[in-house]
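Working through the structure, step by step
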Amino acid sequence: MKAIDAATLAIKNLRNHQVGKCNVCGKSTIFICIDVKAVRNNMYCLFCQSSSRKRHVTKLLINQVIPNIFSLADISRKSNFNKLNIYSADVNDAFYKILHKHQSYSCSSYIPNIEPGTKIDDGVFCQDLENLTFPTENFDAVITEDVFEHIRNYEKAFREVYRILKKGGYHIFTVPCFFDKSTLVRVDTSGEEDIHLLPPEYHGDKIRGKILAYRTFGIDIFEILKKIGFETTVDFSDYADRRYGIFDSYAFCSKK
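Quick notes on the rules
- Residues numbered from 1 in each chain as written.
- Predicted model: local features only at pLDDT ≥ 70, side-chain atom pairs only at ≥ 80, totals over all residues.
- Heavy atoms only, no water.
- Patch = residues over 30% accessible without salt bridge, like charges linked within 9 Å, V, L, I, M, F, W, Y side chains within 5 Å.
- Areas by Shrake-Rupley, 256 points an atom, 1.4 Å probe, with all protein chains shown as cover.
- Salt bridge = Lys/Arg side-chain N within 4 Å of Asp/Glu carboxyl O.
- Helix = DSSP H or I, 4+ residues; strand = E, 2+ residues; numbered from the N terminus.
- Buried < 20%, exposed > 50% of the residue type's maximum accessible area, 1.4 Å probe, protein only.
- Pairing = 2+ DSSP bridges.
- Polar contact = N/O pair within 3.5 Å; in protein donor to acceptor, adjacent residues only side chain to side chain.
- Expected span 1.5 Å × (residues − 1).
- Axes fitted to C-alpha atoms, helices over the stretch in contact; angles between N-to-C directions.
- Contact = heavy atoms within 4.5 Å.

Turning next to a nonpolar patch on the surface. Among the surface-exposed residues, L184, V185, I195, L197 and L198 lie close enough to one another that they form a single nonpolar patch of about 390 Å² accessible area. The topology assignment puts L184 in strand β10 (residues 184-185). On the basis of relative accessibility, which here comes to 31%, the residue L184 falls in the partly exposed class.

As structure tokens, then:
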């Protein structure tokens, strides 16, 4: 979204902005609303530009992996943080702004025509989630946000995440999900060619402009992950989370 368009929407939704404290940058802030119908994907922090969804992931990351801090910005006082390895399948986001100077943090993007595993910058790699190049049992936490619905062979990708996690490690992730019915398959990927079963659905993508959604996950996601070896829970935001900028959101936490 262009900055001028975002500014226009922010002014239009002025009454829906919220005051609170961001658990990513740690600052008292205003959470800027640009779309009241999809607040989990916006409500941007005025300072670090984290979204509601990202702050929900941060909540779980802190609770499960880096306890006894309020925000990611507090990790500099955690003497054992550099002993933790964290990987996020996103770049140039609020996490990167806070964590990129730490050797224990890695992030990636899938860039066509670049060999997976190629180092792009310090701690930044080109990676294909279906064929990760990281060593086995290397990370304490893996983070993916609204990615797996776009992966052709999602089970292979989940197994790859399981492989690179240490025993007791966590995959903290978000995906669009129906909690009252099974996964909606939009594209048949059983053969070499994609066969569209429904009109194509595309989501915005920072690199490619738009990206195909192969499915919307359903309640069967828990059984899928159980077969791989994960113990999975889902955390739904509540009223108390609103003061930390988490609105109308849910996030999954799978333990190896």
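This paragraph deals with the pattern of salt bridges. Inspection of every chain in the model, using the stated rule, returns 13 salt bridges. Between K59 and D235 there is a salt bridge; the shortest N-O distance is 3.0 Å. One end of the pair, K59, is in helix α2 (residues 52-64); the other, D235, is in strand β16 (residues 231-236), and 176 residues separate them in sequence. Among the ionic pairs, D241 bridges to K59, the shortest N-O distance being 3.2 Å. Taken together, the residues D241 in the loop between β16 and β17 (250-255) and K59 in helix α2 connect sequence positions 182 residues apart. The same class applies to D241 as to K59, namely buried. One salt-bridge network, in which partners are shared between bridges, spans R40, R53, K54, D93, E145 and D146.

The next thing to look at is the sheet that holds strand β2 (residues 28-32). Hydrogen bonding along the main chain pairs the strands of a sheet, whether they run parallel or antiparallel. Overall, antiparallel pairing links the 3 strands, which are arranged β1-β2-β3 in an open sheet. Taken across any chain shown, the strands that pair with only one partner, and hence form the sheet edges, are β1 (18-21) and β3 (44-45). Across 4 bridges, β1 lies against β2 in antiparallel orientation. Following the sheet pairing, V19 is matched in β2 by I30.

Along the polypeptide, S190 turns up in the loop between β11 (187-188) and β12 (195-196). A C-alpha to C-alpha distance of 38 Å links S190 and V36, two positions 154 residues apart in sequence. Side chain to side chain, S190 and D188 meet in a polar contact 2.7 Å long.

Here we come to α2. Helix length check: α2 (13 residues) gives 19 Å between terminal C-alpha atoms against 18 Å at 1.5 Å per residue, within 8%. Across the 13 residues that make up α2, a large majority, 11, are buried. Listed in full, the buried residues belonging to α2 are S52, R53, K54, R55, H56, V57, T58, K59, L60, L61 and I62.

With that out of the way, let us pick up the sheet that holds strand β7 (residues 124-126). A sheet is described by the order of its strands in space; here 8 strands give the open sequence β6-β7-β5-β4-β8-β9-β17-β16, paired in mixed fashion. Here the strands that pair on one side only, and so sit at the sheet edges, are β6 (119-121) and β16. Pairs of neighbouring strands in the sheet enclose a mean axial angle of 25°, with direction left out of account. Here 3 bridges tie strand β5 (residues 105-109) to β7, and the two strands are oriented parallel to one another. What sits directly across from S109, in β7, is C126. Contacts from helix α4 (residues 154-164) reach β4 (86-88), β8 (139-145) and β9 (165-174) within the one sheet, and its direction differs from that of β9 by about 140°.

So far we have only geometry, and geometry alone does not tell us how the molecule works.
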